[in-house]
Amino acid sequence: MKKYLKIFSLIIVVVLTLTSVNFLETTQVEAKKTTVKSLKVKGAKKTLSLIVGNKKTYSVAVKAKKKKQAFKVKSSNKSVVSVTKKGKKITLKANKAGKAKVTVSAKYNKKKKFVIAVTVVGKTNPPAKPSEEPTTQPVEPTTQPEVPTTQPYSDEITISCAPKDVYVYNKNGKTIKANGILEFSITGGSGKYYTNIVDGSSDVFSRTSVYNQISYDISETGSYNLTIEAFDAENEDISATYTYTLTAKEYKKISGKVTSNSSAPIKGAAVRLYNAGDADFIEGESDENGNYEAYVKPGTFSFVADYRGKNVIKQNQTVSADKTIDFVISGVYKITVTADGDYANNFNYWVDNRGTRYGNGKSLMLVEGSYELSTDWYVIDNNEVYLYKASFSVTVSKDETIRASISSSSGRAIVGNLYIGATFVSGINNNGSIYRINLSDTSMYEISSDFANAAIYGRLYDEKYTQIAYDDGSGDGDQLLLNENLVGGKNYYIEIGCFGGGTNSGQIIIKKK
């Protein structure tokens, strides 16, 4: 008996060993198939400001060489920003004031990731309750209503629609339109209907694919009448007409300047309603001179100007006409960056080690704190491309001038030129090869590839070697496909490479469209 037990035990050990080996091989094969080419968080920037209680939702797209892969998302500080994942969408929720990093990464390739640096503004010192409560515009329906099928039959049809005011702005060349959907309630008859616009401005109202919905598109203030007719789908002798008035009122423009304590203009400050809920408001953002424009319907509101977590609130502002509101944000300072020679004229966007942007050029507005920032740019000398880099470290507590250090890479050769038609290229690998394009006519051009054994990517640069387009193999068979409007007589440069190992040859095809 003991002899048989030993034999049976030996068989089990062998089976488990073979199963483990097979599982390991399967896992290795699966990992080999998970070459992730790109991960994109649609509409996301690398910095985000939220007010406590607010949420932000993004869609995530992961593109792999052979199949789509899952992704994962996490917050570095869940007590400040929590994050939930549902299908391809992620939702960030601001829980309390502070900072957190939200990282979205491909499940099988940690190198493919996107990091959002989130600053949460606390709801401290809330404004006093306005003397007039701002009204809110009804929320447009997001789903189409179902046509009732079982309501009691009657010989009459009744049509109704909730009152609605909309807001537009049309002054000094600035036009803000109101567009949306009017949803009519139709009852009676068999419960199934046809509708028709009997009268109304054809340039304002139009039919939709849904029987009880009419779309509108308005750019001028005024009252707009619409008459619709509904027929019973089972007995057209039963019908009704209904006239509806849509009133378009005028937004009021809020404008002004956002500056630091030293009167330096702040670019990129957001101006919005404070604690607004769903109030009807068009947010503004300050330009390089600190100027902003925002639009609100008449009422009494509190406004906040926010720049990278530093903010100031203007409470109980009564708006009955266009109004100027200026903001001075404390804790923001002007840093002027210089360098030996004329390198300062080439400065691009300054970023930290997480890729967060802090403005570009020789003048930066930074909030108090410590920074290590760098920027890079390309220089084309003869037939080679050189990468230059400037960097500096600073602890910001006042306006000051900083000198950046400069370094450069060895040159990359421009190996050839591409022309209209098919140009044969060789030696393409992971690192990419650089080609020059110069076309005689200004037009839209298609740039594609035809390689038998490789998936091709391409980066298109302008004459200053600033990237203007990228494609990671969206054409048939993972081939390059770019469509760009190019100016005749100017030099463009394209870096062409392949995914995977080895060196490949094929055709790059340029067509005028």
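Residues numbered from 1 in each chain as written. Predicted model: local features only at pLDDT ≥ 70, side-chain atom pairs only at ≥ 80, totals over all residues. Heavy atoms only, no water.

> Please explain the nonpolar core as it appears in this structure.
Generally speaking, soluble globular proteins have nonpolar side chains that are buried together. Judged by nonpolar contacts, the single largest core of 43 residues is most densely connected at F303, F327, F347, W350 and F392. The leading source of residues in this core is strand β33 (residues 384-396), at 5 residues. Among the nonpolar cores identified, the runner-up in size contains 26 residues, and F205, Y216, L246 and A248 belong to it. (Core = buried A, V, L, I, M, F, W, Y, C linked by side-chain atoms within 4.5 Å. Buried < 20%, exposed > 50% of the residue type's maximum accessible area, 1.4 Å probe, protein only. Helix = DSSP H or I, 4+ residues; strand = E, 2+ residues; numbered from the N terminus.)

> Honestly, the side chain of S449 in this entry has me stumped. Any pointers?
Note on placement: S449 falls in strand β39 (residues 443-450). A relative accessible area of 8% places S449 in the buried class. At a separation of 2.8 Å, a polar atom in the side chain of S449 contacts the side chain of Q479. Engagement of the side chain of S449 in a polar contact is seen with the backbone nitrogen of L480, the distance being 2.8 Å. Those residues in contact with S449, other than ones at most four positions away along the chain, are I456, Q479, L480, Q507 and I508. (Polar contact = N/O pair within 3.5 Å; in protein donor to acceptor, adjacent residues only side chain to side chain. Contact = heavy atoms within 4.5 Å.)

> Can you help me understand the environment of F327 in this one?
Among the secondary structure elements, F327 is positioned in strand β27 (residues 327-328). Residue F327 is classed as buried on the basis of its relative accessible area, which comes to 1%. The spatial distance from the C-alpha of F327 to the C-alpha of K257 is 6.3 Å, given a sequence separation of 70 residues. Excluding its chain neighbours within four sequence positions, the residues that come into contact with F327 are K257, V258, T259, V271, Y292, F303, V304, A305, V312 and K314.

> Explain the sheet that holds strand β42 (residues 481-486) here, please?
Strand pairing in a sheet relies on backbone hydrogen bonds. The paired strands run either parallel or antiparallel. One open sheet accounts for 4 strands, arranged β37-β44-β39-β42; its pairing is antiparallel. Whereas interior strands pair on both sides, the edge strands pair on one side only; in this sheet they are β37 (421-428) and β42. Sheet twist, expressed as the average angle between the axes of neighbouring strands with direction ignored, equals 25 degrees. (Pairing = 2+ DSSP bridges. Axes fitted to C-alpha atoms, helices over the stretch in contact; angles between N-to-C directions.)

> Explain the pattern of salt bridges to me, please; I cannot follow it from the model alone.
A pair can form between side chains of opposite charge whenever their charged atoms are brought close. Using the criterion set out here, one finds 12 salt bridges in the structure. A salt bridge links K253 to E293; the nearest nitrogen and oxygen atoms lie 3.8 Å apart. Within this pair, whereas K253 is found in strand β19 (residues 252-259), its partner E293 is found in strand β23 (residues 291-296), the two being separated by 40 residues in sequence. Take K253: its relative accessible area is 18%, and that puts it in the buried class. Two residues, D441 and K512, come together in a salt bridge whose shortest N-O distance is 2.6 Å. Of this pair, D441 sits in the loop between β38 (433-438) and β39 while K512 sits in strand β44 (residues 504-512), and the two are 71 residues apart along the sequence. A residue is classified by how much of its surface remains accessible, and D441, at 34% relative accessible area, is partly exposed. Residue classification places K512 among the partly exposed residues on the basis of a relative accessible area of 45%. Shared partners join several salt bridges into a network, and the residues in it are K171, E250, K252 and D322. (Salt bridge = Lys/Arg side-chain N within 4 Å of Asp/Glu carboxyl O.)

Worth remembering: the numbers are spatial, not functional.
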